[in-house]
Amino acid sequence: MLHFSRFKTTFILGLCLLGILLSIPNVLSHTALPAWIPQPRVNLGLDLQGGSYLLLEVDMNSVIKERIASTRASVADTLRKGKVPFTSIVAGKDNVTVTVADAAQLDAARQALRDILNERVDGPSQARVFTTSTAGNTLSLTLDPQAVTDLASKAVEQSISIVRRRIDETGVNEPVVARQGQNRVIVELPGVSDPDRIKRLLGSTAKMTFRLVAPEGTPAGPDVELLPMTDRAEGAAKLPVRRHIEVDGMNLTRASAGMDQRAGGWVVSFALDSVGTRRFADVSTKHVGQPFAIVLDNKVISAPVIREPIVGGQGQISGNFTVEEANDLAVLLRAGALPAPLTIVEERTIGPNLGADAIRAGLYSIIAGFTFVVAFMIATYGRFGLFAAAALLVNLALTIAGLSMMGATLTLPGMAGILLALGMAVDANILINERTREELGKRNGVIASIETGFRRAYTTIMDANLTTLIKMLILFVVGVGAIRGFAVTISLGIIVSMFTAIVLVRLLTAWWLKRTRPKTLTIGTKLRFFPDHTAIPFMRARYSGLVVSALISLASLGLAFHPGLKMGIDFAGGVVIEAKTPTSADAPALQSALMNAGLGPVQVQRFGADTDVLLRFEHPHGTPEEQQAAIANARQEVEKAAPGAEIRRVEVVGPSVGAELLSDGLWALGLAAVAMFAYITFRFEWPFAVGAIVTMFLDLTKTVGFLALTGFEFNLTSIAAILTIMGFSINDKVVVYDRVRENLVRSKREPLRQVIDRSINETLSRTIGTSVALFLAIAPLALFGGPALREFALTLLFGLVLATSSSIFIAAPILLNIGEHYLRRGGPAPAAAGTAPASLKKA
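**A short note on empty space enclosed by the protein**
In the structure shown here, the tally under the stated rule is six cavities of 30 Å³ or more. Roughly 150 Å³ of internal volume is contained in the largest cavity. Around the largest cavity sit 15 residues that line it, and Asp427, Asn731, Arg766, Thr770 and Leu774 are the ones nearest its centre. Residues of the lining of the largest cavity, tallied by class, amount to seven nonpolar, five polar and three charged. Taken as a whole, the second largest cavity spans an internal volume of roughly 100 Å³. Contributing to the lining of the second largest cavity are 13 residues, with Leu431, Arg435, Val735, Arg739 and Thr763 lying nearest its centre. It is helix H12 (residues 412-441) that contributes the most residues to the lining of the second largest cavity, four residues altogether.

Put into structure tokens, the structure is as follows:
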């Protein structure tokens, strides 16, 4: 096991060197290396470089409504041309009902409408758009459910393409536009700290049509609608416009902003394709002297009178535009019309200064945490601690290299994940060192003890890491944005640690043994948290430990109801504005200014320095335009109340999104518990699984009580913290349970109480050592991580203490109470690694 061939050695060292080389570009400027050298880099998330994140929702009801309206118009036009008499055509929510003059005309109506009835969706299903039914003299066309699904999917795909074109027109560097779920689009805009113009561009469907104006005084009806004029005051009389579209904006081939040399003012010049040119010429020839409305998003920009036929396919749109308005309209028309309106349901904006502060805080935390953990390992295990430190350094390089090759986006929680993964990585080395120390105590010889230490620790390391990977996979699936980055970095760090902590450290150990050939060996230094051979009777307090734990958990649940958890914006929805004022922030003045602006109850919270303030209020009501206006007004009021204030962060989460995020978070916790129960049952036996899951649940309730007691916000970061604490909890149980399983096989006649006590004492050094290493890795996040990570880190530290104590005083007593009736009374004793029965060998 300690023999490495030349090929294997070369491969291991080559992989380490490659990882270091691939990670180097991340610490150099873009111009430091020649351009021909590949320079994979980790992308910085918006919370580190500053920028805006928008989550847009496609209004599917509008897609269906528009399809029904266009179908109604097509049916009426087709029946007229086919000379099929009808008495009415009514558009419903998802259907069109045609009533013909005589039931005998139904076949003629079907024949005339055959193209509409046979139309299929341009999608994977190729489903018919409409299903038909008849009753008496009526024919109903109803949208097929599969067709609705395909139409919705197509609308989202079209929206993504158009949104990307609109953003590209603005010159934003490296924007990200991607689909999320069935009807949502994610937009990330690096470096854009004030996305108002982008929101205006994305908030307009830009559906432009040219329609004839009905005579003044015509009421709204099936063929006429009343539309407002963009240049008239709200409440002014609306213009009667015919519903029939003469020329569609889809026929535009060019649009550009410019000055009108004759009349002055800014206009948008456009050109039409051959189809549009022909239609424009036909309508302008037939309707000379009539007003012709240019309609954009159901608002009339202008309605000039046709003086003469327009046959060139070119024209101008005027409407008292400013320079910016004319340019924006040209951008919208060039990019094309959205198939449906887009609503901003979530918005997060980070200023560049806050991003720079976050990078600084993350780097300080990683450097301090790495230094603390390395110092601890060397102080505790001496030479073998140096081997672990070298493995940690390579682990960090390989993790960064892996993120670079994946093109991953590094967020602030992701930096915390790297640090946490380093703390978890040393757990493997601690397990190996403690196992080797035990074998040396049995006087088995140096090489035999080291080989046995690596072999016996391997199973425990695999179990502990797999449980963590399962939870991170669940967090990745249900999480969003920065939380997914946290899951990715921890997962990658743990996978890499399986190579560095086991393979690389074993290679370094083999080299040292080959060079020195020691006759005797001592693992570690004089720094010990506990003596090597303790015999603490932990199980004497099994009932008192369970009772105290249950009482604390009940109290924690009570705190969760009263005063209750402080829901963060992720779950409760609303608006959060973080500002930095030039002088000490006047919280009452800011609160009064926002409340006077009609934003409802406003919470103002100081944090960090005296100049840092956090303002929170409910999500504005009204139309999307009114909501965006209210948020823009809030920013202006802050700047008025505190002149010179810097808006560092704005987060807007709609109530529907908040409810979905909360639901996803609770699902993540539930799925993690089920997955852990299944895994431990598969690897051990059901009594072990019951003990681990019950203990994990008790740890979870105490963590919730801690959040309620401290007033920390309960948000997606809290869910990530709880899942990580569940990982701590399960990992500790796996280590103790693995030793219990091993000792049950070795000591078949020994009472279960003594087996559990002995197993806890034998793993006590590992349990405390790993907890200290993790504490040292997490503590810098609380010290240097800033407000964004401080609550997260303190919650993790609390959970770490919980997980360490619960393994001894809760999980073990539960196993003893159940095991006395199963593991030692007629039930099979679980086998240790290496001598497992068939059901366990498969694992």
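**Focus: the confidence of the model for the chain**
In the predicted model, the chain carries a mean pLDDT of 85, and the fraction of residues at 70 or more is 95%. Every residue in residues 826-843 scores below 50 in pLDDT, and together they form 29 contacts with partners more than four places removed in sequence or on other chains.

**Notes on unusual backbone geometry**
Residue Pro563 is reached from His562 by a cis peptide bond, and omega for that bond is 10°. Note on placement: Pro563 falls in helix H15 (residues 542-564). Non-glycine residue Ala206 carries a positive phi angle of around 60°.

**Side note on the pairing of strand E2 (residues 51-58)**
Most of E2 is tucked away: seven of the eight residues are buried. Pairing of E2 with strand E8 (residues 184-190) involves seven bridges; the strand directions are antiparallel. Residue pairing in the sheet places Leu55 in a bridge with Ile186 of E8.

**Some words on the pattern of salt bridges**
Counted by the stated rule, this structure contains 37 salt bridges. Where Glu346 meets Arg348, a salt bridge forms, and the shortest distance between an N and an O atom there is 2.7 Å. Under the relative-accessibility criterion, Arg348 is labelled buried at 17%. Residue Arg739 is joined to Glu438 by a salt bridge in which the shortest nitrogen-to-oxygen separation is 3.1 Å. With Arg739 in helix H21 (residues 716-746) and Glu438 in helix H12, the pair connects residues that are 301 residues apart, well separated along the chain. Note on Glu438: relative accessible area 24%, which makes it partly exposed.

**Details of the packing of aromatic side chains**
Following the criterion strictly, the structure yields 15 aromatic pairs and no others. For the pair Phe486 and Phe792, a centre-to-centre distance of 5.5 Å together with 90° between the ring planes defines the contact as edge-to-face. Here Phe486 is found in helix H14 (residues 482-516), whereas its partner Phe792 is found in helix H24 (residues 787-819), with 306 residues between them in sequence. When sorted by exposure, Phe486 lands in the same class as Phe792, which is buried. Relative to Tyr737, the ring of Phe684 has its centre 6.5 Å away and its plane inclined at 70°; by these criteria the two rings are edge-to-face. Of the two residues, Phe684 is situated in the loop between helix H19 (655-683) and helix H20 (686-710) and Tyr737 in helix H21; the sequence distance between them amounts to 53 residues. Tyr737 gets classed as buried once you look at its relative accessible area, which sits at 2%. Connected via pairs of aromatic rings, a cluster forms that spans Phe210, Phe270, Phe280 and Phe292.

Procedures and definitions
Residues numbered from 1 in each chain as written. Predicted model: local features only at pLDDT ≥ 70, side-chain atom pairs only at ≥ 80, totals over all residues. Heavy atoms only, no water. 1 Å grid on protein atoms, 1.4 Å probe; cavity = no way out; pocket = protein on both sides within 12 Å on 5 of 7 lines; lining within 4 Å. Points joined across faces, edges and corners; volume = space filled by probe spheres on them. Nonpolar A, V, L, I, M, F, W, Y, C, P; charged D, E, K, R; others polar. Helix = DSSP H or I, 4+ residues; strand = E, 2+ residues; numbered from the N terminus. pLDDT = per-residue confidence, 0-100. Contact = heavy atoms within 4.5 Å. Buried < 20%, exposed > 50% of the residue type's maximum accessible area, 1.4 Å probe, protein only. Pairing = 2+ DSSP bridges. Salt bridge = Lys/Arg side-chain N within 4 Å of Asp/Glu carboxyl O. Phe/Tyr/Trp six-rings, centres within 6.5 Å; stacked < 30°, edge-to-face > 60°.

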